[in-house]
Amino acid sequence: PIILGIESTCDETAAAVVEGKELRSNVVASSMEEHARYGGVIPEIASRAHAQAFVPVVSKALADANMTIDDVDAIAVSAGPGLAGCLAVGVSGAKALAWSANKPIYGINHVIGHVAVTQLQFGDLPANTMALIVSGGHTSLLHVNDIARDVQVVGTTLDDAAGECFDKVARLLGFPYPGGPHIDRHAQLGDPHALKVPQGLTQGKAGKAHPYDFSFSGVKTAIARWVENRQAQGLDVPVDDVCASLADSVAQVLAKKSMMGCHEYDSTTMIVGGGFSANSQLRAALREAGEKHGVDVRIPDIKLCTDNGAMVAMLGSNLVEAGVQPSAMDFPIDSAMPLTKISC
Ligand code: ATP
Ligand code: MG
Ligand code: FE
């Protein structure tokens, strides 16, 4: 099937055309520059940017694919999770387009789109796959039996997402927002064992957390204390070592729990996605762990890891091929869409 995918959960307005498992076009506009000076995404500004970018981005995606809306079999759009005002723009635009062109529409789960998109680079998803989705807003370990029908949550973060933790430490170190990529760069120059930092909830909090859950606020606090202590003593802060220690701690716990999950579910495929999977320490840790445990770790190119329309279109293509019914025209946006809900 030919699917037009539309994405507007956060700061990217994006659209793409996928035919079966082939990418025909992929257009992304971001309002990140407008948010940078506030140190975080401002929902009102992001919504406004979606309203401006929607038509140009969707038109370009169709034009780049050498298609018109008539060539498309269905439209897919992220219905959640994400910022409500942002979702409302993309979903309203997609519904208007579907209504006027008389096309079926699928309101899909953005996070599951991060799993689906890997098929564009690596081919079909085997049954019984594990997936680690890490970004500024999400840290989730999933078990994917069938991308169109059966996804279960194995673990999730109890506090900060991995990217959020990096961004908070980056702010403390004086890097501009988003600080994750700066930490990555400095971490490559430092000693990962210079600071003793806790590994985010390695054991699971007694009686409360699941062994597959994550917690990164303790890592952030430990680093903040250590840095403040140095400053109070008038000592310089070894930025590269701080970054390397943080990156190592986060990468190791993510890789470790991912492999524990593969073992528990007897899975030999590990999908990785979300904006934080750009992190080089995580990519290296997962690749190394995969080799050691005989797991095929599939980390796509960075442009497919970050938010885009291709992920939405690819999941739409899976849903059409699986014979899943399109969404009713009155489907809602859901800023806290559960990860077990693949489409509306
Ligand atoms: P969403 O959370 O809305 O699904 P997404 O999947 O696009 O969004 P973002 O939240 O945009 O992900 O991901 C960017 C996050 O990843 C930010 O927190 C950013 O600092 C972090 N990040 C990006 N590149 C790197 C990197 N190389 N190293 C560490 N962190 C990074
Ligand atoms: Mg983003
Ligand atoms: Fe995302």
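Here the structure is a predicted model, which is why all the values come from computation and not from measurement.

The buried fraction of strand β1 (residues 2–7) amounts to five of the six residues, a majority that puts the element mostly inside the structure. Direction of pairing for β1 relative to strand β2 (residues 12–19): antiparallel, over a ladder of six bridges. Following the sheet pairing, Gly-5 is matched in β2 by Ala-16. Hairpin connection of β1 to β2: four residues between the antiparallel strands. The pairing of β1 with strand β4 (residues 74–80) spans four bridges and is parallel. Bridging from a neighbouring strand, Ile-6 pairs with Val-77 of β4.

A word on the UniProt feature "binding site: Fe cation" (unreviewed entry) in the protein. The feature "binding site: Fe cation" (unreviewed entry), as given by UniProt, occupies His-110, His-114 and Asp-307 in the numbering adopted here. Spanning 198 residues, the named residues form one tight spatial group whose C-alpha atoms are at most 8.7 Å apart. By secondary structure assignment, the location of His-114 is in helix α4 (residues 110–116). Not counting residues within four places of it along the chain, the set of residues in contact with His-114 comprises Ile-133, Gly-273, Gly-274 and Met-311.

With that settled, the discussion passes to helix α6 (residues 162–172). Taking burial as the measure, the 11 residues of α6 include eight buried ones, the bulk of the element. Taken together, the buried positions of α6 are Ala-162, Gly-163, Glu-164, Cys-165, Phe-166, Asp-167, Val-169 and Ala-170. Tucked into the core, α6 has its buried residues touching β6 (129–134), β7 (139–146), α7 (180–187), α8 (217–232) and α9 (239–265). Gly-174 occupies a position one or two residues after α6 and carries a positive phi of about 90°.

Analysis parameters
- Residues numbered from 1 in each chain as written.
- Chains lettered and ligands numbered in written order.
- Predicted model: local features only at pLDDT ≥ 70, side-chain atom pairs only at ≥ 80, totals over all residues.
- Buried ≥ 20, exposed ≤ 12 C-beta atoms within 10 Å, placed from the backbone.
- Helix = DSSP H or I, 4+ residues; strand = E, 2+ residues; numbered from the N terminus.
- Pairing = 2+ DSSP bridges.
- UniProt positions renumbered as here; feature names shortened; annotations may be inferred.
- Contact = placed C-beta atoms within 7 Å.

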